[in-house]
Amino acid sequence: MDKPIGFGRKKRLGDLLVDAGVISQDQLVKALGIQKTEKRDMRLGELLIDLGYTDEKQIMKAMCEQLKLPGIDLSTVRIPEEVIKLLQESILRKYSLIPFQFSEKNPNLIKVAMSDPLDIRAMDDVSIITGLQIERYVATPSNIAATIDRYYGNAEALRVAEQYTKEREEQEKAREAEKNDESNVAEAPIVRLLGQIVEQAVHQRASDIHIEPLENQVRIRFRVDGVLHEVMRHDIGLHAALIARIKIVSGLDISEKRRPQDGRATSIVDRQEYDIRVSILPTVYGEKVVMRIAQKKALTMDKRDLGFPDEELDKFNRILSHPNGLILVTGPTGSGKSTTLYTALSELNVEGVNIITVEDPVEANLNGVNQVQVNEKAGLTFSSALRSILRQDPDIIMIGEIRDQETAEIAVKASITGHLVVSTLHTNSSANTITRLADMGVENYLISDSVVGVIAQRLVRRVCPVCGTLKEADEREKKTLGITDPTRRVMIKHPGHKECVRCGGTGYYGRIGVYEIMPINAELRQAINRGDNADELEAIALRQGMKTLRMGAVEYALKGITTVEEVRRVAFEDDDEL
């Protein structure tokens, strides 16, 4: 049995982290001073992370080592129903802890994951409420928050929705008063419901929230790893108030219900700021909302984290090193183009360089970069903004998307006249990108002079590391993987079982980029000048060592990173062969 009380009183978290070498004594003194004067309600661990002195994993590791306590990853644990019922959600969130299992040896002992195992009051309260003794385990605050959300999120959302439905008629008059009382607004049921939905989406790694009115219900779905999953349904009576609240926080016209609207909002979940792009579309049963969630920091990551193999990363670096020219990133919606572009811009964003972007919309704010938001109502289109930008002495120009001939021609001419231009196009492959520019009306000689590299990309889902299973590939799977030897045995990963906690039963967890990088060299320039078609351009690039999207996806499947189904999805243009 765990006996923490005496030890807990002797040692505090700050001293423990100093002893473990995670922070210095000076950093601890500074943090304690800020906590005392400015942020009295913030836990010391959270404050140290906010100040950039450490992170959750370092704190967890130090506590495990110093206190000789085991760590736990709750994303791989299924908590029994009888354990869930022991404590209310409010207690769990207050102390950042969650019981997860009864002890196998002692029925009066409960295993509890804690972000602060030195919190005596938390341990006392849990013991008193449950009538059980505690065995401490250490987990990160975000891991605990996501787990609480997984087991209590829907219940809390349903409770709030029911509360709103009951109070709706009585609160007609009170709602007017709430508009002038910020504290009441923050506590209003519909405000809490929207906050709960966004928080749950973040914890489930959703990229989009869909709020859809049906005949008698409101359906809420999350897009996780590129696939939509239904998470809850509510009474249709909630719909109008929920949409009104979304319009208020995203700066939209609350009275306009007949036209589509687009807006933006921000939300803070687990002390991280998220940017939310809101799109509202009138449908037969009412307005449908799609909220795209992006973490402010997520669009700017290190190049190595994008998933480039070493050889492809070298090609990417060589393309980025050009002082001028046109770099194009291509792929369908949701294939990670924006992340690649922003990562490239962050790499190029150094002192002495003037970077200007034209975007619709601006997806993330970059320090030191001049970002222009397209506004077609005001006459600020991609092409008109580009003409003005060229008079702003830019070194690097980023165009959110080349959509028409005029924008394409300006981009090409800007790249020829000494600027580095990066942009996106919606095409299926690198070679098709060149012919698409020609189809838009750009002359071949201008394309060959301007384009220095094309990157086609897709995102494939990773097999869940917990439930993925190895099986021998059958004949059809071998054919997809390009294996012609019938005697060769190949082991490949398959999605696992539907009871997996880590992936929520989908069999996949996270995504990784597949890239097709085509640097434009002398031979390709000649072929572009001649007007060769996409197949001929691809044949030249393959001779020079280019890997196609399909080849990259096959490599991932053979390494057990993804599945054959994902290979087929990426290589959809070769469907007849699969």
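About the cut-offs
- Residues numbered from 1 in each chain as written.
- Predicted model: local features only at pLDDT ≥ 70, side-chain atom pairs only at ≥ 80, totals over all residues.
- Heavy atoms only, no water.
- Helix = DSSP H or I, 4+ residues; strand = E, 2+ residues; numbered from the N terminus.
- Contact = heavy atoms within 4.5 Å.
- Areas by Shrake-Rupley, 256 points an atom, 1.4 Å probe, with all protein chains shown as cover.
- Patch = residues over 30% accessible without salt bridge, like charges linked within 9 Å, V, L, I, M, F, W, Y side chains within 5 Å.
- Salt bridge = Lys/Arg side-chain N within 4 Å of Asp/Glu carboxyl O.
- Buried < 20%, exposed > 50% of the residue type's maximum accessible area, 1.4 Å probe, protein only.
- Pairing = 2+ DSSP bridges.
- Axes fitted to C-alpha atoms, helices over the stretch in contact; angles between N-to-C directions.
- Lys, Arg positive; Asp, Glu negative; His and termini not counted.
- Polar contact = N/O pair within 3.5 Å; in protein donor to acceptor, adjacent residues only side chain to side chain.
- Core = buried A, V, L, I, M, F, W, Y, C linked by side-chain atoms within 4.5 Å.
- Phe/Tyr/Trp six-rings, centres within 6.5 Å; stacked < 30°, edge-to-face > 60°.
- Lys NZ or Arg CZ within 6 Å of the ring centre and 35° of its normal.
- Parallel < 35°, antiparallel > 145°, perpendicular 65-115°, else oblique.
- Nonpolar A, V, L, I, M, F, W, Y, C, P; charged D, E, K, R; others polar.
- Disulfide = S-S within 2.5 Å.

## Some points on the overall build of the protein
And step 1. When its secondary structure is counted, the protein shows 24 helices and 18 strands.
And step 2. Taking contacts inside the protein between residues at least 6 apart in sequence as the whole, the part at least 24 apart equals 63%.
And step 3. Surface exposure of the protein reaches about 28200 Å², of which carbon and sulfur atoms provide 47%.

## Comments concerning a nonpolar patch on the surface
And step 1. A surface patch of nonpolar side chains, about 250 Å² in accessible area, is lined by Ile-248, Val-249 and Ile-254.
And step 2. Inspection of the secondary structure assignment puts Ile-254 in the loop between helix 13 (239-249) and strand 7 (261-269).
And step 3. The partly exposed category is assigned to Ile-254, whose relative accessible area is 42%.

## Observations concerning the pairing of strand 7
And step 1. Along strand 7, the buried face is formed by Gln-261, Gly-263, Ala-265, Ser-267 and Val-269; none of Asp-262, Arg-264, Thr-266 and Ile-268, which line the opposite face, is buried.
And step 2. Two strands pair when backbone bridges link them, and strand 7 and strand 8 (residues 272-283) are joined in this way by nine bridges, in the antiparallel orientation. Looking at strand 8, one finds that Gln-261 is bridged to Ile-280.
And step 3. Counting the residues that bridge the hairpin from strand 7 to strand 8 gives two residues, and of these Asp-270 lies at a positive phi of roughly 55°.

## So, helix 18 (residues 430-439)
And step 1. Inspection of helix 18 places Ser-430, Ala-431, Thr-433, Ile-434, Thr-435 and Leu-437 among the buried residues, and these make up the whole buried set.
And step 2. Where helix 18 ends, the next residue or the one after it, Gly-441, has phi of about 105°, a positive value.

## Focus on the sheet that holds strand 2 (residues 109-114)
And step 1. With mixed pairing, the three strands of this open sheet are ordered in space as 1-2-3. The two strands at the open ends of the sheet, each matched to only one other strand, are strand 1 (97-102) and strand 3 (133-138). Across the sheet, the mean angle separating the axes of adjacent strands is 35° when strand polarity is ignored.
And step 2. Contacting strand 1, strand 2 and strand 3, helix 8 (residues 120-130) runs over the sheet at an angle of about 135° to strand 3.

## Quick notes on the sheet that holds strand 5 (residues 217-224)
And step 1. Across the sheet, which stays open at both edges, the six strands sit in the order 6-5-4-9-8-7 with antiparallel pairing between neighbours. Either end of the sheet is taken by a strand with one partner, and the two such strands are strand 6 (227-235) and strand 7. The sheet shows a mean angle of 20° between the axes of neighbouring strands, taken without regard to direction.
And step 2. Where helix 12 (residues 189-203) meets the sheet, its contacts fall on strand 4 (206-213), strand 5, strand 6, strand 7, strand 8 and strand 9 (286-295), and the angle it forms with strand 7 comes to roughly 75°.
And step 3. Contacts from helix 13 reach strand 4, strand 5, strand 6, strand 7, strand 8 and strand 9, with the element oriented near 45° to strand 9.

## Considerations on the side chain of Glu-359
And step 1. Along the chain, Glu-359 turns up in strand 11 (residues 355-359).
And step 2. Despite being buried, Glu-359 has no salt bridge partner; Arg-264 is the closest side chain of opposite charge, sitting 7.5 Å away.
And step 3. At 3.1 Å, the side chain of Glu-359 forms a polar contact with the side chain of Gln-371.

## Notes on the nonpolar core
And step 1. Core analysis: the biggest nonpolar cluster contains 38 residues, and Ile-434, Leu-437, Val-451 and Met-518 have the highest contact counts within it.
And step 2. Top contributing element to this core by residue count: helix 17 (residues 405-416), with five residues.
And step 3. Those residues in contact with Ile-434, other than ones at most four positions away along the chain, are Ile-447, Val-451, Val-454, Met-518, Ile-520, Ile-528 and Leu-537.

## A closer look at the packing of aromatic side chains
And step 1. Per the counting criterion, the structure on display carries three aromatic pairs.
And step 2. One aromatic cluster in this structure is built from Phe-308, Phe-316 and Tyr-515.
And step 3. Above the face of the Tyr-509 ring, Arg-205 is positioned so that its terminal group lies 3.9 Å from the ring centre.
And step 4. Between the NZ or CZ atom of Arg-461 and the centre of the ring of Tyr-508, over which it lies, the distance is 3.9 Å.

## As for the packing of helix 21 (residues 522-530) against helix 22 (residues 534-543)
And step 1. Where helix 21 contacts helix 22, the two axes come as close as 10 Å, and the packing angle between them is 175°. In terms of orientation, helix 21 and helix 22 fall into the roughly antiparallel class. Residue-level inspection shows Glu-523, Leu-524, Ala-527 and Ile-528 of helix 21 in contact with helix 22, the latter providing Leu-537, Ile-540, Ala-541 and Arg-543.
And step 2. Class assignment of the residues belonging to the contact of helix 21 with helix 22 gives a composition of six nonpolar, no polar and two charged.

## Quick notes on unusual backbone geometry
And step 1. In this structure, Ser-96 takes a positive phi of about 55° despite not being glycine.
And step 2. By the secondary structure assignment, Ser-96 is in the loop between helix 7 (89-95) and strand 1.
And step 3. A relative accessible area of 12% means that Ser-96 is categorised as buried.

## Quick look at the state of the cysteines
And step 1. Evaluated as defined, the whole model comprises zero disulfides.
And step 2. In this structure Cys-464 is not part of a disulfide, and its nearest cysteine sulfur, from Cys-500, lies 3.8 Å away.
And step 3. Classification of Cys-464 as buried rests on a relative accessible area of 0%.
And step 4. Summary of cysteine pairing: Cys-503 is not part of a disulfide, and the nearest cysteine sulfur, belonging to Cys-500, is at 3.7 Å.
And step 5. A relative accessible area of 8% places Cys-503 in the buried class.

## Remarks on the pattern of salt bridges
And step 1. For the structure on display, the rule yields 24 salt bridges.
And step 2. Ionic pairing is found between Asp-275 and Arg-264, a salt bridge with its closest N-O pair at 2.7 Å. In this pair, Asp-275 sits in strand 8 while Arg-264 sits in strand 7, placing the two residues eleven residues apart along the sequence.
And step 3. A network of salt bridges, in which partner residues are shared, links Glu-89, Arg-93, Asp-149 and Glu-199.

## Overview of the pairing of strand 13 (residues 396-399)
And step 1. The two faces of strand 13 match: Ile-396 and Met-398 on one face and Ile-397 and Ile-399 on the other face are all buried.
And step 2. As defined by bridge partners, strand 11 adjoins strand 13 across four bridges and the pair is classed as parallel. The residue bridging Ile-356 from the neighbouring strand is Ile-397, located in strand 13.
And step 3. Here four bridges tie strand 13 to strand 14 (residues 420-425), and the two strands are oriented parallel to one another.

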